[in-house]
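Tertiary structure, described
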Amino acid sequence: MSDSSLDIKIIQNRLSLIFKGELTLLNIADYSKQVDVISLNQQQSVYIDFRELNFLDSAGAVFIRSFMKKLSSRSIAVETLCQNRDILAMLELVSSQENSSITTNKNKITLLEKIGKVTLNNYYGFISFMHFIGELFVNKFHYLLTPKNIRYKEIAFEINESGVKAFWIVSLTSFLIGLVLAYQSAYQLKIYGANIFIVDMLGLSILRELAPVITAIVVAGRSGSAFTAQIGAMKITQELDAMRTMGFNPYRFLVVPRILALMISLPILIFVADMMALLGGMIIANIDLGISTDLFLDRFSSVIAVKHFFIGIIKGPFFAFLIASIGIYRGLMVKDDTQSLGFNTTKSVVEAIFAVIVCDAIFSIAFTSLKI
Amino acid sequence: MKNIIKVRDLKTLFGDKMIHDGLNLTVKEGEIYGLLGPSGCGKTTLLREMVMLQKSLSGSIEVLGYELNSIRYAEAQELRKKFGVLFQFGALFSSLTIRENIALPLVEFTNLSRGMIGEIVDFKINIVGLEVGDADLYPSQISGGMKKKAALARSLAMDPKLLFLDEPTSGLDPISAREFDSLILKLRDLLGLTIMMVSHDLTSMYDTLDSVAIIDNKKIIYEGTLNNAIKIDNEFIRTFFRKGESI
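Residues numbered from 1 in each chain as written. Chains lettered and ligands numbered in written order. Predicted model: local features only at pLDDT ≥ 70, side-chain atom pairs only at ≥ 80, totals over all residues. Heavy atoms only, no water.

1. Topic: the overall build of chain B
- Counting its regular elements, chain B contains nine helices and 10 strands.
- For 247 residues, the compact-globule estimate of 2.2 N^0.38 gives 18 Å, and chain B sits close to it at 18 Å.
- Expressed as a percentage of the 247 residues in chain B, the buried residues total 50%.
- Within chain B, contacts between residues separated by at least 24 positions form 64% of all contacts whose residues are at least 6 apart in sequence.
- Positive and negative side-chain charges in chain B, numbering 30 and 32 respectively, have mean positions lying 4 Å apart. (Helix = DSSP H or I, 4+ residues; strand = E, 2+ residues; numbered from the N terminus. Rg over C-alpha atoms; globule rule 2.2 N^0.38 Å. Buried < 20%, exposed > 50% of the residue type's maximum accessible area, 1.4 Å probe, protein only. Contact = heavy atoms within 4.5 Å. Lys, Arg positive; Asp, Glu negative; His and termini not counted. Charge placed at Lys NZ, Arg CZ, Asp CG, Glu CD.)

Here it is as structure tokens:
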């Protein structure tokens, strides 16, 4: 490869650019820096000298064309000196493409148009979710009314996947939550000498709120995303289309079993979370506040009514329905590309956790109004 | 001969874009019928409408005597058992082995014994030219050509009279593609199938098709035998067939 360089000479009001060697994609960045510094105000004419240039690629030609256009907009005369046929052909090619590509004018989107489109899309999204819920309920009723159609094998498989396999992560998470909660409140309670009230506090907050919500969040992250990814991938590989054309209703084969499985397994996981969180709390109460296990359990059975436990458990199927239906709905919304798989998986987890928390808030208000 | 598929005055809208505008075609019993046209002309969309994966805007599609626009759920379920579909990439259920894939419709829709189903599945595996030993592999463990054969076997599971093929030879090497063509011809003769396919493979078309419909500009511009198609004065036909001859 010969040495390439750009010599810039200014003689009176005449600018000469002398290109040597090659003008390619690799050196136009440097050249354009050199050219940009030249002040064009005093120039009246420009010579572009290609006589010592032996190769020009298309990027180089585009660079030259745009420089020439800049000059002509300031009405500075340009003259090119060139004998090489290939270089002239390349310049010709670039300028001919330029003319044909001018016509594509992009329409600018105004703010109002954007708001309108987003609103309409959200409206369609809502309608399609309602469509999903409607079809889901029709199939669910049909399913439960004809017990011979219930796919026990799939349900058992999904209970194993989303329930049994989540046992350890749910146990560990809730154990740590119980530990931390007790540890933080122990410090405060000690100040007032109200050590024994740790039992009331832990019992109420864990059974009623923390265990169900923490379990639901863990399950949303685990199973909600798995549902979306599984069903989304099946959509991309046309497995869902294949099912439909073979006469298998995907709602009956994929959707309802997953929802039922999660509705069965989530209350059980909440029970596990209750036990583990209380165990964590009990250990801290023992170490930090000197409340023995016997005392803890004795106090627990006298102050915590059994209804608090059931309130926590009853939330399970509701949370499970939300997590599973959002996960599956998002899976069905996946389009034929990998981008939308990632987008919908993220959305499914975020929406499921949000829905769980909203649902929990509604429960809270309802139970308080009912004085339960 | 009986009409198996009859499409009349079909209109399809895709977003704001009209895909089909007054499209007519007729497929007769025992034919291998091909849909041809430039990409984006709505061949696959038409196929998806015929197998009830998509709805048209207006017009009528009649498949095996069922009118698809006014079909009831139970009738649609009946109809789905009477045709088979081979998707472009097979669309085998990835959680099931080849054998389970083929057996699935039989297990779900019939009361046959396990042994009987096994025998039927073995027959289908043999007829498409797969090794019985490969049948216990999962779809991810087999090659593209085998996937197509396995998917073909699955689409034949319920002994349909009508088969839809979406680009059956795409993604196959030339030798496997020719093999697949002769397999399709063999199956048509053995099982008395009517076959509707979308294809881009010119050799495969000359080898297999009895009739062809060419879609361009939202309409069928030609319907009939492949040899007469060349006489039509249309830009797509000229470029498509001239390019084919030079190969």
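Picking up after the structure, the text goes on.
2. Describing the overall build of chain A
- Along its length, chain A carries 12 helices and four strands.
- A compact globule built from 372 residues should have a C-alpha radius of gyration of about 21 Å, whereas chain A, at 35 Å, is more than 25% larger.
- Each principal axis of the C-alpha distribution contributes one length, and for chain A these read about 105 × 65 × 45 Å.
- Out of the 372 residues in chain A, the part that is buried amounts to 43%.
- In chain A, once contacts between residues fewer than 6 apart in sequence are set aside, the share between residues at least 24 apart is 82%.
- Of the roughly 20,500 Å² of accessible surface on chain A, 65% is carried by carbon and sulfur atoms.
- Measuring between centres, the 33 positive side-chain charges of chain A sit 7 Å from its 29 negative side-chain charges. (Areas by Shrake-Rupley, 256 points an atom, 1.4 Å probe, with all protein chains shown as cover.)

3. Overview of helix 3 (residues 98-109) of chain B
- Within helix 3 of chain B the residues assigned to the buried category are I98, N101, I102, A103, L104, P105 and L106 of chain B.
- Buried residues along helix 3 of chain B sit in contact with helix 4 (114-127) and helix 5 (144-155) of chain B.

4. Observations regarding the interface of chain B and chain A
- Taken together, the contacts link 20 residues of chain B with 15 residues of chain A.
- Where chain B abuts chain A, roughly 1,500 Å² becomes buried across the two surfaces, and 59% of that area is made up of carbon and sulfur atoms.
- Inspection of the region where chain B meets chain A yields two salt bridges.
- Residue R48 of chain B is joined to D241 of chain A by a salt bridge in which the shortest nitrogen-to-oxygen separation is 2.8 Å.
- Elements that contribute at least two residues to the side of chain B that touches chain A include exactly helix 2 (73-80), strand 6 (83-86) and helix 3 of chain B.
- The biggest single contributor to the side of chain B that touches chain A is helix 3 of chain B, with four residues.
- Across the side of chain B that touches chain A, the residue classes tally to 13 nonpolar, three polar and four charged. (Buried area = accessible area lost by both parts, 1.4 Å probe. Salt bridge = Lys/Arg side-chain N within 4 Å of Asp/Glu carboxyl O. Nonpolar A, V, L, I, M, F, W, Y, C, P; charged D, E, K, R; others polar.)

5. Structural notes on the sheet that holds strand 5 (residues 66-67) of chain B
Residue and element names in this part refer to chain B.
- The strand order across the open sheet built from four strands is 2-1-4-5, with neighbouring strands paired in antiparallel fashion. Taken across any chain shown, the strands that pair with only one partner, and hence form the sheet edges, are strand 2 (17-28) and strand 5.
- Two elements, strand 4 (residues 58-63) and strand 5, share two bridges in a ladder whose sense is antiparallel. Counterpart to E62 in the pairing with strand 5 is E67.
- Of the strands in this sheet, strand 1 (3-14), strand 2 and strand 4 touch helix 1 (residues 43-50), which is tilted by about 120° from strand 1. (Pairing = 2+ DSSP bridges. Axes fitted to C-alpha atoms, helices over the stretch in contact; angles between N-to-C directions.)

6. Regarding the sheet that holds strand 4 (residues 77-81) of chain A
Residue and element names in this part refer to chain A.
- On the basis of which strands lie adjacent, the open sheet formed by four strands has the order 1-2-3-4 and mixed pairing. In this open sheet, the two strands that pair with only one neighbour each are strand 1 (5-11) and strand 4. On average, adjacent strands in this sheet sit at an angle of 15° to one another, irrespective of strand direction.
- Bridging between strand 3 (residues 45-56) and strand 4 involves five bridges; their strand directions are parallel. The partner of S45 across the bridge, within strand 4, is A77.
- Contacts from helix 2 (residues 58-73) reach strand 2 (14-23), strand 3 and strand 4, with the element oriented near 175° to strand 3.

7. A few points about the domain arrangement of chain B
All names here are of chain B.
- Taken domain by domain, chain B holds domain 1 (1-82 + 160-168 + 178-247) and domain 2 (89-159).
- Contacts between the two partners involve 15 residues from domain 1 and, on the opposite side, 10 residues from domain 2.
- Summed over both partners, the interface of domain 1 with domain 2 comes to about 1,200 Å²; 72% of that surface belongs to carbon and sulfur atoms.
- Sorting the residues of domain 1 by area buried against domain 2 places K81, P160 and F180 first, and these three jointly supply 41% of that buried surface.
- In this assembly, domain 1 and domain 2 are joined by one salt bridge.
- E179 serves as the salt-bridge partner of K149, at 3.1 Å between the closest nitrogen and oxygen. (Domains from an automatic or database assignment.)

8. Some points on helix 12 (residues 338-369) of chain A
Residue and element names in this part refer to chain A.
- Here helix 12 spans 47 Å end to end across 32 residues, near enough to the 46 Å set by a 1.5 Å rise per residue.
- The set of residues buried in helix 12 consists of S340, L341, N344, T345, S348, A352, A355, V356, C359, D360, F363 and F367.
- Looking at the packing, one finds that the buried side of helix 12 touches helix 7 (198-236) and helix 11 (306-333). (Expected span 1.5 Å × (residues − 1).)

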